[in-house]
Structure formats: C-alpha cells, structure tokens
Amino acid sequence: MKNNNLKEVSHFTFLFILSALLTIVATIFIEVVVGFILFNTGVFEEAVKNNTLLWIIVMIISGSIIIGVFLSVLFSRFILNPVNKLIDGINRLSSGKYKTQIYLGKNHMVKNLADSFNSLANELDSTELLRSDFTNTISHELKTPIVSIYGFAKVLNSGELSPEKQKEYLEIIETEAKRLSDMAMGILNLTKIEKQEILTEKRPFNLSEQVRTAILLSEKAWAEKKLEFNLDFDEITIVANESLLQQVWINVIDNAIKFSKPETVIDLSISQTHDLTTVKISDVGKEISPDDLPKIFNKFYQADSSRSTHGNGIGLSLVKKIVSLHGGEVVAESHDGVTTFTITLPNS
C-alpha cells in the first residue's frame, strides 16, 4: 500500500513537471515563430529605422507572458481539476461530512486516488457510527444498574420494609453493584488491550490446567444450574501470554454457563496439531440467529435483548481482541439448539 501511494505521488509530480515544461516549450515555440515572421516580413528592419525596436520587444515580452499564463492554465487544468476536487473533499471531511465521496475520472491514477479517498471517508463514517453507538449503549448500560441501586436504596432507607424484603432488596443492590463493577473492569481491560499491538510476556504453560482452573472459578454459577462439563483433552502445552488467555477461557466458559439450559452438559475439547491448538466450547440453549452471529464480538452487542440481565456485551469483544493479538481466530456457530465457540491459536 505504501509503495502504491509513493507511485501516485511520483505520477502527480511528473505531471506537474510535464505541465511546466510544456508551457515553457510552447511559449518559446510561439515566440520563435512570431520572431521569425517579424524578421521575414521586415518588421525588425523597419523598427530599427524608426527607433521602435524597444517597443516591439516590449510587446513581444508582454505577449509571451500572456501566452505563458494562458498555456499554464490550459495545461495545468487537467492536473489541478482533480486536485481541487480532492481538496474540496478533504475540507468536507474535516467539517464532519463523512459520507463525502469524490469522482476524479476514469484515468487509472486519479481513479486509485479517488478510491483511496472514498475508502477513508467510509472508514471515518463507520468509526463515527461506532462511536455514537458506543456512547448510546454505554450510557444505557451504566444507567440501568445505577437507577436500580438508587431506587432500592431509597426504598430501604424508608425503614418500612419487612426483614425479608430488606434482604431481597439488598441482594438486588449487591447484584447490580457487581454488574456495574464488572462492566467498569471490562471496559478498562478492553480499552487497555485494544491499544496493545504487540504481544509480550509469552511463555510455555499448561493450557489444560488453565482451562480447568477457569471452570473451577465459575463453579458457583454452573452448580446453581446443575450443569455438567464433558472434558475431552490431554495435557496440552502452548506458548502464549498466560494472563491474557486466562481472560479468554473465563469469558467464554462464563458465556456458555449463562446461556445453557439448566441440567444440560457443556462440552469442552482441546486438540493440537504441529502448528495449531484448537479449543471448542459448546452449550445447549437458545440459538443465536445467523444475522446476529457476525455481530456478537462487537462491543456491547447482545444478540437477544432478554440476555441483557446476564451481561454487558464486553466479554466476547475482549476474547476477539486477545485471540487476534495471539494471531489466532475465534468463530461462533449456533444451530440445532447448540452454540459452539471454536478458538484456534498458534502453538508458539
């Protein structure tokens, strides 16, 4: 891409130089022709006799300047017209009109330039939409638990509740406060990881043990729903960032637990080839529609609004970014009542 941009700049530089040379050559040619005509018609001889040679020279110079300006405008119009359109497009982008598109013609060079500009405008438009959606969603997600905590705390403060109701409302406040805390931590972790471009602190560790630990950490959640785990893996070693991958398994396993039907089985398998390690986690529950599947890794996206009480749409975004940092891939499939997340990672 960088080489292509350099080529475009070189082409434009060449055209500007060519335009200037053509202007100079054309002007000199016209001057020579005019001088030749004046010489052959005896105008110069007559001017010398009448002492008007200086006046003729001044006229020739003035005419040359006028012709040169005219030819400069004529020759440069082809080049400056697309440049002016580009500058106008940039000005519109800078004023926030991200839907701006430009057309510079069918010439290969200017077409590539227009395509690059239009691609940039589309990216800016998408980023603006994402920023707007992010702001609206985070405002809603934060507002819900805060309003809930405030409301129940106000009722508790009235002192008119039975001990049973007080206990119930305190549990709700505790749940909403944890939800708010988890959301804040999730946003902080995601923001930190999104800024990370280079994976550091890679070392070999036992992946199987890490996955088992993640399952034990969520024991309370899966025990309440009477879920079982069907584990299918041997002792697998991988070279990666251990702390980051731990967040992946915690989030994906937690996701599987939340959306599993009670008294079902979560299948978890790990397989390894010479180059790749593949982890599959499947749960039995409500399917994710084909339209929602490509979006579930977007920040704050929730395929089913009824699931909003179970999470905040940050976990899978975190999973996607961490796996991408490792040079791996995460794919979700959902059909026949089974949702499967497949995470593929390079072994080193």
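We now turn to the structure provided with this report.

Parameters at a glance
- Residues numbered from 1 in each chain as written.
- Predicted model: local features only at pLDDT ≥ 70, side-chain atom pairs only at ≥ 80, totals over all residues.
- Heavy atoms only, no water.
- Pairing = 2+ DSSP bridges.
- Helix = DSSP H or I, 4+ residues; strand = E, 2+ residues; numbered from the N terminus.
- Axes fitted to C-alpha atoms, helices over the stretch in contact; angles between N-to-C directions.
- Contact = heavy atoms within 4.5 Å.
- Buried < 20%, exposed > 50% of the residue type's maximum accessible area, 1.4 Å probe, protein only.
- Core = buried A, V, L, I, M, F, W, Y, C linked by side-chain atoms within 4.5 Å.
- Salt bridge = Lys/Arg side-chain N within 4 Å of Asp/Glu carboxyl O.

**So, the sheet that holds strand 4 (residues 265-272)**
With mixed pairing, the five strands of this open sheet are ordered in space as 2-4-5-7-6. Of all strands in the sheet, those with a lone pairing partner are strand 2 (228-232) and strand 6 (329-335), marking the two edges. The sheet shows a mean angle of 15° between the axes of neighbouring strands, direction not considered. In the packing of helix 6 (residues 207-217) onto the sheet, contacts are made with strand 2, strand 4 and strand 5 (276-284), and the angle to strand 4 comes to roughly 165°.

**Quick word on the pairing of strand 6**
On strand 6, burial follows the alternation: Val-330, Ala-332 and Ser-334 on one face are buried, whereas Glu-329, Val-331, Glu-333 and His-335 on the facing-out side are not. Relative to strand 7 (residues 338-346), strand 6 runs antiparallel, the two being bridged by seven bridges. Within the sheet, the bridge partner assigned to Ala-332 lies in strand 7 and is Phe-341. The hairpin formed by strand 6 and strand 7 contains two residues between the paired strands, and Asp-336 there has a positive phi angle of roughly 55°.

**Thoughts on the nonpolar core**
Within the largest apolar cluster, 41 residues are counted, with the highest numbers of intra-cluster contacts made by Leu-207, Val-248, Trp-249, Ile-253 and Leu-268. Those elements giving two or more residues to this core turn out to be helix 6, strand 3 (237-241), helix 8 (242-258), strand 4, strand 5, helix 9 (315-325), strand 6 and strand 7. Of the residues forming this core, the biggest block, eight residues, is contributed by helix 8. Apart from residues lying up to four places away in sequence, Leu-207 is in contact with Ile-236, Ile-238, Trp-249, Ile-270, Thr-277 and Val-279. Among the nonpolar cores identified, the runner-up in size contains seven residues, and Leu-86, Leu-93, Leu-104 and Phe-117 belong to it.

**Quick word on the pattern of salt bridges**
Overall, the coordinates contain seven salt bridges when judged by the stated rule. In this structure, the salt-bridge partner of Glu-235 is Arg-212, at a minimum N-O distance of 3.1 Å. Remark: Arg-212 occurs in helix 6 and Glu-235 occurs in the loop between strand 2 and strand 3; sequence separation between them is 23 residues. The exposure class of Arg-212 is partly exposed, given its relative accessible area of 26%. When the shortest N-O distance is used, the salt bridge between Lys-258 and Asp-254 registers 2.8 Å. A residue pair is termed a helical-turn pair when its members lie 3 or 4 positions apart in one helix, as Lys-258 and Asp-254 do in helix 8 at four residues. When its relative accessible area of 25% is taken as the criterion, Asp-254 is described as partly exposed. Taken together, the salt bridges that share partners define one network made up of Glu-209, Arg-212 and Glu-235.

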